[in-house]
Structures are given as structure tokens and as C-alpha cells.
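# Geometric and topological summary
This is what each chain is made of:
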Amino acid sequence: GTGGMDAFLLDLSIEAVTTLVGFNRANDRLSFAGVVDGNSNGSIALNDLLAMVSGVTDFGSGGDVVVDFTTGASVIFHGAGTSSVFVEVAVTRLA
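The structure contained in this document is the topic of the report that follows. What you see is a predicted model; the values in this text were computed from it and never measured.

Another aspect to go through is the nonpolar core. The biggest cluster of nonpolar side chains holds 16 residues, and the ones touching the most others in it are Leu12, Leu30, Phe32, Phe69 and Phe77. With 3 residues, strand β5 (residues 65-69) is the single largest residue contributor to this core.

Put into C-alpha cells, the structure is as follows:
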């Protein structure tokens, strides 16, 4: 990302690894394509996205945070790792 607000569109239907460098969780925005309506209620919501998360790994302070999805897609937040509660915040802000 840049110093301002950045917008990222990630297609979870594509088995790919996307690395985000300089992601600012306060300003940047993530949008997702390929999210499955997991509860078949006719709409896509945060719960549908979170149901597709198969794992989150925080590689510690200064390391990366990796979010893996059931489709084989992964997002790497370069240098965003901590040894605190960031992982929970990262998953919540994915929508």
C-alpha cells in the first residue's frame, strides 16, 4: 500500500497467495470476491467470509500475518505480526 487509503480486491475463488506490503488497517480497505453463501440465506455477510478462513498465523513481532482460506487462497500481511491480539483484529477487519 501507499501512505494514503488503499483498496484491495481479493478473489478467494482463485488459489493464489497475495502479499500486502504496508497495509494500514486503520485506512486501507479489503474487498473480497468469491465468497460463498455458506448458510444459503441468499446474502453474503461477514460470517460467510469468516467461515472460509481455515487458519491464521502470526509470526510474531515484525513478522508476517498469514490468513489461509478453505479455497487455497492466502493473504500475507507483510510485517504486521505481533505477539498480541492483532490476529483477532485482522480477521475481524477482513470484511
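Moving on from the model shown.
Considering the arrangement of structural elements, one finds asparagine 24 in the loop between β2 (17-21) and β3 (29-33). The exposure class assigned to asparagine 24 is partly exposed, which follows from its relative accessible area of 31%. For the pair asparagine 24 and aspartate 6, spaced 18 residues apart in the sequence, the C-alpha separation amounts to 8.4 Å. A polar side-chain atom of asparagine 24 sits 2.8 Å from the main-chain amide nitrogen of alanine 26.

So, about the sheet that holds β2. Judged by pairing direction, the sheet is mixed, and its 4 strands sit side by side in the order β2-β6-β5-β4 without closing on themselves. This sheet does not close on itself; its edge strands, each paired only once, are β2 and β4 (53-58). Between one strand axis and the next, the sheet turns by 15 degrees as a mean value, whatever way the strands run. The sheet contact formed by β2 and strand β6 (residues 74-78) spans 5 bridges and is parallel. By the bridge assignment for β6, threonine 19 is matched with isoleucine 76.

What counts as what
Residues numbered from 1 in each chain as written. Predicted model: local features only at pLDDT ≥ 70, side-chain atom pairs only at ≥ 80, totals over all residues. Heavy atoms only, no water. Core = buried A, V, L, I, M, F, W, Y, C linked by side-chain atoms within 4.5 Å. Buried < 20%, exposed > 50% of the residue type's maximum accessible area, 1.4 Å probe, protein only. Helix = DSSP H or I, 4+ residues; strand = E, 2+ residues; numbered from the N terminus. Polar contact = N/O pair within 3.5 Å; in protein donor to acceptor, adjacent residues only side chain to side chain. Pairing = 2+ DSSP bridges. Axes fitted to C-alpha atoms, helices over the stretch in contact; angles between N-to-C directions.

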